[in-house]
Every structure is written in structure tokens, then in C-alpha cells.
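# Structural characterization, general
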Amino acid sequence: ELENTIVNGNLYYFSWAGFVTSIMLVVAYLRGVFGVDLAGEIKNRAARLTLWSGLLACQLVVMGASANVFDKSCASQVESEPFCKRTKYGIALGAIGTAFSLGVVGMKMITAIAPFVVEGVLALFL
């Protein structure tokens, strides 16, 4: 059995393509059926909301993928191995990024603004 090899490399990229396609389909459906211009609303709502929403989606994927790898590969092994340490780092980074970006997206959705200093500090920290 081969260890530390990529079995389905294209699965990763096609998962992202499927995610982006599903978002585009939902936006097109809302625009066609209800007349809701979701993209226009997001652009008018607040500056950089699209970027923070994209970061939120990416951080959720990083956290979920790292947790999945940790459950499958590190539960039966010694957790002090470098691979398991990097996986824990991925989970922690995903969780922190999710919390920060969710906070900024929440502020922008509720108040239509988020303090620029808060955005700058959180982005610098990440």
C-alpha cells in the first residue's frame, strides 16, 4: 500500500468547481424566479463583502478537510507525528479564519459597514 500519495487529485479541484457552480445556479434561480439581484445587493451592501464571504467559504473548506484527514489518518496513529501536527494546524487555522471572517461578514450584513481598522487587524492576523 502506498503511503502519503494523492489518490484522487482531481476530486479536490472538481469539488471547488461544483461549489462555485452551485452558487452560480442559486444566484441565477433567485434572479429568475424572484427577481432578486443577489450579486447587486452584495456589491451595494458593503465594500469587500464578497472577499470576506469568499474567505469564509475557503476557511470552512480548510477546516472541514483538515478535520476529515485528522479523523481518518491520525486517530489510529501517534498524534505527535509531523503529519498530525500539520493537520491540527490546518484545523486551528480554519477555525480561526472562519470565526474572523464570519464576524466581519456578520457585521457587514447587519450594519452594512464594518470598521476598517477591525478588517485590517483581522486580515493582518490571518
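Everything below is about the structure printed above this text.
Now for a look at the structure at hand. These numbers were taken from a predicted model, which means no experiment stands behind them. (Residues numbered from 1 in each chain as written. Predicted model: local features only at pLDDT ≥ 70, side-chain atom pairs only at ≥ 80, totals over all residues. Heavy atoms only, no water.)

## Some words on the side chain of Gln-59
With respect to the helices and strands, Gln-59 occurs in helix α3 (residues 49-74). The exposure class assigned to Gln-59 is buried, which follows from its relative accessible area of 13%. With residues up to four places along the chain from it excluded, the contact list for Gln-59 reads Leu-93, Gly-94, Gly-97 and Thr-98. (Helix = DSSP H or I, 4+ residues; strand = E, 2+ residues; numbered from the N terminus. Buried < 20%, exposed > 50% of the residue type's maximum accessible area, 1.4 Å probe, protein only. Contact = heavy atoms within 4.5 Å.)

## Details of α3
Relative to the 38 Å expected for 26 residues at 1.5 Å per residue, α3 spans 36 Å between its end C-alpha atoms, a close match to the ideal helical length. All of the buried residues in α3 are Leu-49, Trp-52, Leu-56, Ala-57, Gln-59, Ser-66, Phe-70 and Cys-74. (Expected span 1.5 Å × (residues − 1).)

## With respect to the pattern of salt bridges
All chains considered together, the criterion is met by one salt bridge. Residues Lys-108 and Glu-119 are paired through a salt bridge, measuring 3.2 Å at the closest nitrogen-oxygen approach. Taken together, the positions of Lys-108 in helix α4 (residues 82-111) and Glu-119 in helix α5 (residues 116-125) put the pair 11 residues apart, joining distant regions of the chain. (Salt bridge = Lys/Arg side-chain N within 4 Å of Asp/Glu carboxyl O.)

## Considering the packing of aromatic side chains
We describe a pair of aromatic rings using the distance from one ring centre to the other and the angle between the two ring planes. Overall, the coordinates contain two aromatic pairs when judged by the stated rule. Plain terms: the ring middles of Trp-16 and Phe-19 are 6.0 Å apart, the flat faces sit at 85 degrees to each other, and that makes the pair edge-to-face. With Trp-16 and Phe-19 both in helix α1 (residues 9-34), this residue pair falls three residues apart, about one helical turn. (Phe/Tyr/Trp six-rings, centres within 6.5 Å; stacked < 30°, edge-to-face > 60°.)

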